[in-house]
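# Survey of secondary and tertiary structure
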Amino acid sequence: MRYILILILLMSGMASAFGAQVALIIDDIGYRPTDKAVLSLPAGVTLSVLPHTPIGAELAKQAHAKGHEIMLHLPMQALNGKKLGPGGLTNQMDEVKIKQEISSALASIPYVKGANNHMGSLLTQIEQPMNWVMEALKQHQLYFVDSVTTKYTRAGKQADVIGVPLLTRQLFLDNDTREAALEKQFNRMIAKAHQLGHLVAIAHPHPDTIAYLRANLSRLEQEGISLVPASSLLPYELARKQGISPEIPL
């Protein structure tokens, strides 16, 4: 109970000081030389890097030095059968293999604080593999962001069962990278952040996306919204699970 009270006070102070908060995660990083453009974004942007990729490790080092929070973008089996690449997790793997793959993936990317799923519309629906994934993440003291690539995901449920700190993606910014579509989603992100108090959004290192974000992320501050690392939102999720809903002055 004492910890919960301290948490409420901390969160209330954060809310008063910063208002609404957005965690923007850029994932799918590690294969293309153009991915290095993410280093031009503000340090508040969280970067999720694919394992065993040509530039993933070096980019993670450079991003960490610039103040970015680093996540592991874990490839997981999709319903469309799309190729996963190295480090991919499938429903054909047993517990030992899944945990070995996660340990190897983590060894390939430095400074990782959390993980989210890359694809995974099939695997995240299956309880047992998700249980093994969460056990591995807990062993490495990492949080998990459910990318919600299927409405039937069980990843969040299993994270709760195992005790892995959890966030859930609430908005995809760039399923369409045309400027008008990016502007529409960016405005939705602002509106939902004000409505909810805090928001997790995911985007990708498409050149059009990065150019748009460079030009527009400053609008968040103008709106009274803080851009924060993903882990900064974990206390809010913990409070929600405790049945606590601290008011956030907006």
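Before reading on, note that the structure itself is shown above.
Summary of the structure given here.

## Re the pairing of strand β8 (residues 198-203)
Put simply, side chains in a regular strand alternate between the two faces of the sheet. Counting buried positions along β8 gives five out of six residues, so the element sits mostly inside the fold. As paired strands, strand β1 (residues 20-29) and β8 are joined by six bridges and run parallel to one another. For Val22, the partnering residue across the bridge sits in β8 and is Leu199. Here strand β7 (residues 171-172) pairs with β8 via two bridges, running parallel. Within the sheet, the bridge partner assigned to Leu171 lies in β8 and is Ala201. Note on the crossover from β7 through helix α6 (residues 179-196) to β8: the handedness is right-handed.

## What about the packing of aromatic side chains?
Ring pairs (aromatic) are described by centroid distance and by the angle formed between their planes. One pass over the full model with this rule turns up one aromatic pair. Judged by centre distance (5.6 Å) and plane angle (75°), the ring pair of Phe186 and Tyr212 falls under edge-to-face. Of this pair, Phe186 sits in helix α6 while Tyr212 sits in helix α7 (residues 207-216), and the two are 26 residues apart along the sequence. For the pair Phe186 and Tyr212, one class covers both residues: buried.

## What to know about the packing of helix α4 (residues 127-139) against helix α5 (residues 155-162)
Any two packed helices are characterised by the angle at which their axes cross and by the distance between the axes. Following both chains from N to C, one finds α4 and α5 inclined at 50°, their axes separated by 9 Å at the closest point. Relative to α5, the element α4 is oriented oblique. The handedness of the crossing between α4 and α5 comes out as right-handed. For the pair formed by α4 and α5, the contact residues are Glu127, Met130, Asn131, Met134, Glu135 and Lys138 on the first element and Ala155, Lys157, Gln158, Ala159 and Ile162 on the second.

Rules behind the numbers
- Residues numbered from 1 in each chain as written.
- Predicted model: local features only at pLDDT ≥ 70, side-chain atom pairs only at ≥ 80, totals over all residues.
- Heavy atoms only, no water.
- Buried < 20%, exposed > 50% of the residue type's maximum accessible area, 1.4 Å probe, protein only.
- Helix = DSSP H or I, 4+ residues; strand = E, 2+ residues; numbered from the N terminus.
- Pairing = 2+ DSSP bridges.
- Right-handed = clockwise from strand over helix to strand, strands pointing away.
- Phe/Tyr/Trp six-rings, centres within 6.5 Å; stacked < 30°, edge-to-face > 60°.
- Axes fitted to C-alpha atoms, helices over the stretch in contact; angles between N-to-C directions.
- Parallel < 35°, antiparallel > 145°, perpendicular 65-115°, else oblique.
- Left-handed = near helix turned anticlockwise from the far one by under 90°.
- Contact = heavy atoms within 4.5 Å.

Note that every value here comes from positions in space, so none of it alone points to a role or purpose.
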